[in-house]
Amino acid sequence: MFRRVPPVHSPLSLGALSRGLAAALSRRAWRAARAEIDQWIRETFEPRAWAWTDSGTTALTLALKLAVADRGTRRIALPAYGCYDLATACDGAEVEVILYDVDPETLGPDWNSLEWALAEGARTIVVAYLYGMPVDLGRVRSLAAAHQAVIIEDAAQGIGGSYAGRPLGAHGDLAVLSFGRGKGLTAGGGGALLAASEAFAASVRGLEESLPPAGRGLTGVLKSAVQWALARPRLYWIPAGLPMLGLGETIYRPPHAARRMSRGAMGVLGVTSGLVGREAEGRRTRATELRRQTEAACRVPRPPSGSEPGYLRFFLLAGDVNQVPSLVRGGRRLGLSPGYPSTLAELPGFRAVHRSVTGAQSIVRQGVTTPAHSKVTENDLVTTARHLCAPVAIKPS
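The shown structure was predicted, so the numbers you read here are calculated from the model rather than taken from an experiment.

A few words now on the overall build of the protein. Per the secondary structure count, the protein includes 14 helices and 13 strands. Taking 2.2 N^0.38 as the reference for a compact globule, 397 residues should give roughly 21 Å; the C-alpha atoms of the protein span a radius of gyration of 20 Å, in line with that estimate. Expressed along its principal axes, the backbone C-alpha trace of the protein runs to roughly 60 × 50 × 40 Å. With 397 residues in all, the protein has 55% of them scored as buried. The contacts in the protein between residues at least 6 apart in sequence include a share of 76% that link residues at least 24 apart. Surface summary for the protein: the accessible area is close to 16700 Å², and the carbon and sulfur share equals 52%. Looking at the protein, you have 46 positive and 33 negative side-chain charges, and the mean spots of the two groups are 8 Å apart.

Take a look at the structure:
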């Protein structure tokens, strides 16, 4: 009766929470956890250097600062659609933003728009893997090479995905990971900045020591424990019914001073990093089934050749924009939600140069997201597909 599917889910375990608690309370346990996640990031992404930060937004802020200093211009190319934390990072780095449009058919760059941004003087390209969808990195590299531009991968939503056989986050000059609650890989908080280019390796290698510590992170571990306990569909109605928690809200958060990742988050990550593979494979299986059942009635973006999405969320475009509000209202118990409420071009107070962003605007108006995580059952998939193809089949919840 009270079953409600969480819109997002991060794989957690009692073992991860136990390790996080131990790392928060014991420096010896923290050092052991640090060694484990250093090995994981080295073997998974093969960066030349990396730094652990208190959030993915902090990591992106630092990446932008390094990139514009290297290129000698503060102009950067940013997708016009995405999490508002993109804007927070740009404000924190004090860069000059040129927005490029996003193609609704791929969730990747509109190529003409990205070329325009580069012609306007952008020498840093930020690519974001929206809802876990890869972009055509080969084409991005070609454009970057032609304009001597730095590539920053915002892989905050890309964990579990790959391009050309390598994980998302292993392709740019710089890359950003995020381990917040609700991400494909969680530590309850924290992020990482990776340098694949030798040009940035020395700067990134010494970066973490220059940041103040975030502390033990005991509160973060306790919050993760609550998340783990209430993420079950039969219990999720409890936090979902508390508006003060702001679950699912998209708001702009002002920049804050950069810090290192907390000790507790490192302990949690040492275990959850081993849970990614199975979770991602399950997401792809469910997303494939959702695609099969819905693509006749909805437009479903397709990933580039040679890539595998991580499917943090399964994204589609409703056939009729007027159906979106009723689709979302009627599908709340299934975890359906709209995309971000506006383009970054329309975000109040965010200063950016842009031309037409009609693709991003279409994504805002027609976009619907649905979960594909491991808490979604086969019956949920069938019911979700039926709802998306025939919205009147389910009474609004």
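What follows is about the side chain of D101. Take D101: it is sitting in the loop between strand 3 (96–100) and helix 5 (111–119). Despite its burial, D101 pairs with no opposite charge, the nearest such side chain being R355 at 8.9 Å. Among the polar contacts made by the side chain of D101, one reaches the main-chain amide nitrogen of A360 at a distance of 2.9 Å. Not counting chain neighbours up to four residues away, the residues in contact with D101 comprise A80, G108, P109, D110, S113, S356, V357, T358, G359 and A360.

Pairing between side chains of opposite charge can happen when the charged atoms of each approach one another. Evaluation of the coordinates by the stated rule reveals 16 salt bridges. The closest approach of N and O atoms between D38 and R34, which form a salt bridge, is 2.9 Å. Remark: R34 and D38 occur in helix 2 (residues 27–45); sequence separation between them is four residues, near one turn of the helix. Using a relative accessible area of 22% as the deciding quantity, one classes R34 as partly exposed. Where salt bridges share partners, they join R34, D38 and E208 into one cluster.

Attention shifts here to helix 4 (residues 85–93). Of the positions making up helix 4, those classed as buried are L86, A87, T88, A89, C90 and A93. Among the structural elements, helix 3 (56–71), strand 2 (75–79), strand 3 and strand 5 (150–154) are those in contact with the buried residues of helix 4. Phi for E94, located one or two positions after helix 4, is positive at around 55°.

The phi dihedral of E46 is positive, around 50°, even though this residue is not glycine. Structurally, E46 can be placed in the loop between helix 2 and strand 1 (49–53). Backbone geometry places E94, a non-glycine residue, at a positive phi of 55°. Position of E94 among the secondary structure elements: in the loop between helix 4 and strand 3. Of the residues examined, E94 reaches a relative accessible area of 62% and is grouped as exposed.

In this section: the sheet that holds strand 11 (residues 314–317). In any sheet, the strands associate via hydrogen bonds between backbone groups, in a parallel or an antiparallel arrangement. What the three strands build is an open sheet, ordered 11-13-12; its pairing is antiparallel. The open sheet has two free edges, formed respectively by strand 11 and strand 12 (337–338), since each of these has just one partner strand. In this sheet, strand 13 (residues 367–370) lies alongside strand 11 in antiparallel orientation, the contact comprising four bridges. Bridge pairing links L317 to G367 in strand 13. Docked against the sheet, helix 11 (residues 276–294) engages strand 11 and strand 13, running at close to 15° with respect to strand 11.

This part is about the packing of helix 5 against helix 6 (residues 137–147). Between helix 5 and helix 6, the shortest axis-to-axis distance is 11 Å and the interhelical angle comes to 20°. The orientation of helix 5 with respect to helix 6, classified from their angle, is roughly parallel. Crossing handedness for the pair helix 5 and helix 6: right-handed. Of the residues in helix 6, those touching helix 5 at W111, L114, E115, L118 and A119 are R139, V140, L143 and H147. Taken together, the residues of the contact of helix 5 with helix 6 break down into six nonpolar, one polar and two charged.

Cut-offs and rules
Residues numbered from 1 in each chain as written. Predicted model: local features only at pLDDT ≥ 70, side-chain atom pairs only at ≥ 80, totals over all residues. Heavy atoms only, no water. Helix = DSSP H or I, 4+ residues; strand = E, 2+ residues; numbered from the N terminus. Rg over C-alpha atoms; globule rule 2.2 N^0.38 Å. Buried < 20%, exposed > 50% of the residue type's maximum accessible area, 1.4 Å probe, protein only. Contact = heavy atoms within 4.5 Å. Areas by Shrake-Rupley, 256 points an atom, 1.4 Å probe, with all protein chains shown as cover. Lys, Arg positive; Asp, Glu negative; His and termini not counted. Charge placed at Lys NZ, Arg CZ, Asp CG, Glu CD. Salt bridge = Lys/Arg side-chain N within 4 Å of Asp/Glu carboxyl O. Polar contact = N/O pair within 3.5 Å; in protein donor to acceptor, adjacent residues only side chain to side chain. Pairing = 2+ DSSP bridges. Axes fitted to C-alpha atoms, helices over the stretch in contact; angles between N-to-C directions. Parallel < 35°, antiparallel > 145°, perpendicular 65-115°, else oblique. Left-handed = near helix turned anticlockwise from the far one by under 90°. Nonpolar A, V, L, I, M, F, W, Y, C, P; charged D, E, K, R; others polar.

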